[in-house]
Amino acid sequence: MPYTTQVHDCRTPEALKTAVARATEALRSGALIVFPTDTVYGVGADPFDPGAVKALLSAKGRDADKPASVLVADVAAAERLVGSLPQEARRLAEAFWPGALSLVLPAAPALGLDLGNTGGTVMVRTPAHPVALALLRAAGPVAQSSANLTGRPPATTCAEARDQLGDRVRTYLDGGPSGTQPSTIVAFTDGSGPDILREGAVPRTAVEEALRGL
């Protein structure tokens, strides 16, 4: 559904506090938000609201075969989504979070997350961006994908995100320019150890170094 959008400048402490409160209200009502991360701007929804996640994918023009990931405030929040972290996954989270490393892990079945066709997994990350972290601490986990239409370049400013997603999003948080590189993705899903699915902002060599000795 189209919204009368709100854009909040988050570059002062008071403005950030107000913006996070409005974004949290939007998420809890099933609406979409846009916010900056250390990689690119993200479009977010309540991960425990299947209708909101479906609206997120629809806003981007993508189907369930390209599911949303989940951003979390810290390792403890990630554990609540996956049940337990393998030793190697914990080592990577402790080494690179907050930061541009995403972990793909089996989702805790009891939560019944419906993020798209994930095969029973969930991709989690803690971003190194003050606006994103303030949001996650207030609102809890946020389902997210890059704030762009499928096939278009990821947005690195709030204006670029708004140009692409427009009134599909209720609340935009403007934190200035974001990063430009996507996260590195490491999967722990088949019992055979870490599998680097995508090399992004965190180099493969850094991942390998962090795991050395385990």
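Our subject is the structure listed above.
Residues numbered from 1 in each chain as written. Predicted model: local features only at pLDDT ≥ 70, side-chain atom pairs only at ≥ 80, totals over all residues. Heavy atoms only, no water.

1. Re helix 4 (residues 87-96)
Quick reminder: α-helices carry 3.6 residues per turn. Residues three or four places apart thus point the same way.
Then step 1. Here helix 4 has its buried residues at Ala89, Leu92, Ala93 and Phe96. Seen from one end, helix 4 has its buried residues packed into an arc of 100°, which puts them on one side. For helix 4, the exposed residues set more than 90 degrees away from the buried face come down to Gln87 and Glu94.
Then step 2. Taken together, the buried residues of helix 4 touch helix 3 (75-82), strand 5 (101-106), strand 9 (184-187) and helix 7 (204-211). (Buried < 20%, exposed > 50% of the residue type's maximum accessible area, 1.4 Å probe, protein only. Helix = DSSP H or I, 4+ residues; strand = E, 2+ residues; numbered from the N terminus. Arc of directions from axis to C-beta. Contact = heavy atoms within 4.5 Å.)

2. Focus on the side chain of serine 178
Then step 1. Inspection of the secondary structure assignment puts serine 178 in the loop between strand 8 (171-174) and strand 9.
Then step 2. For serine 178, a relative accessible area of 13% translates into the label buried.
Then step 3. There is a polar contact of 3.5 Å between the side chain of serine 178 and the backbone oxygen of threonine 39. (Polar contact = N/O pair within 3.5 Å; in protein donor to acceptor, adjacent residues only side chain to side chain.)

3. Description of the environment of leucine 101
Then step 1. Within the fold, leucine 101 resides in strand 5.
Then step 2. We classify leucine 101 as buried; its relative accessible area is 0%.
Then step 3. Leucine 101 sits 26 residues away from proline 127 along the chain, and the two C-alpha atoms are 8.4 Å apart.
Then step 4. Once you skip the residues sitting within four places of it in the chain, leucine 101 turns out to touch Leu92, Phe96, Val124, Arg125, Ser183, Thr184, Val186, Val202 and Val207.

4. Observations concerning helix 2 (residues 50-60)
Then step 1. The complete set of buried residues in helix 2 reads Ala52, Val53, Leu56, Leu57, Ala59 and Lys60. In an axial view of helix 2, the angular spread of the buried residues amounts to 160°, which keeps them on one side of the axis. Turned more than 90 degrees off the buried face of helix 2, the exposed positions are Lys54 and Ser58.
Then step 2. Taken together, the buried residues of helix 2 touch strand 3 (42-45), strand 7 (142-146) and helix 6 (158-165).
Then step 3. Of the residues flanking the start of helix 2, the one acting as N-cap is aspartate 49, its side-chain oxygen 3.0 Å from the backbone nitrogen of glycine 51.

This is a description of form; function is not addressed.
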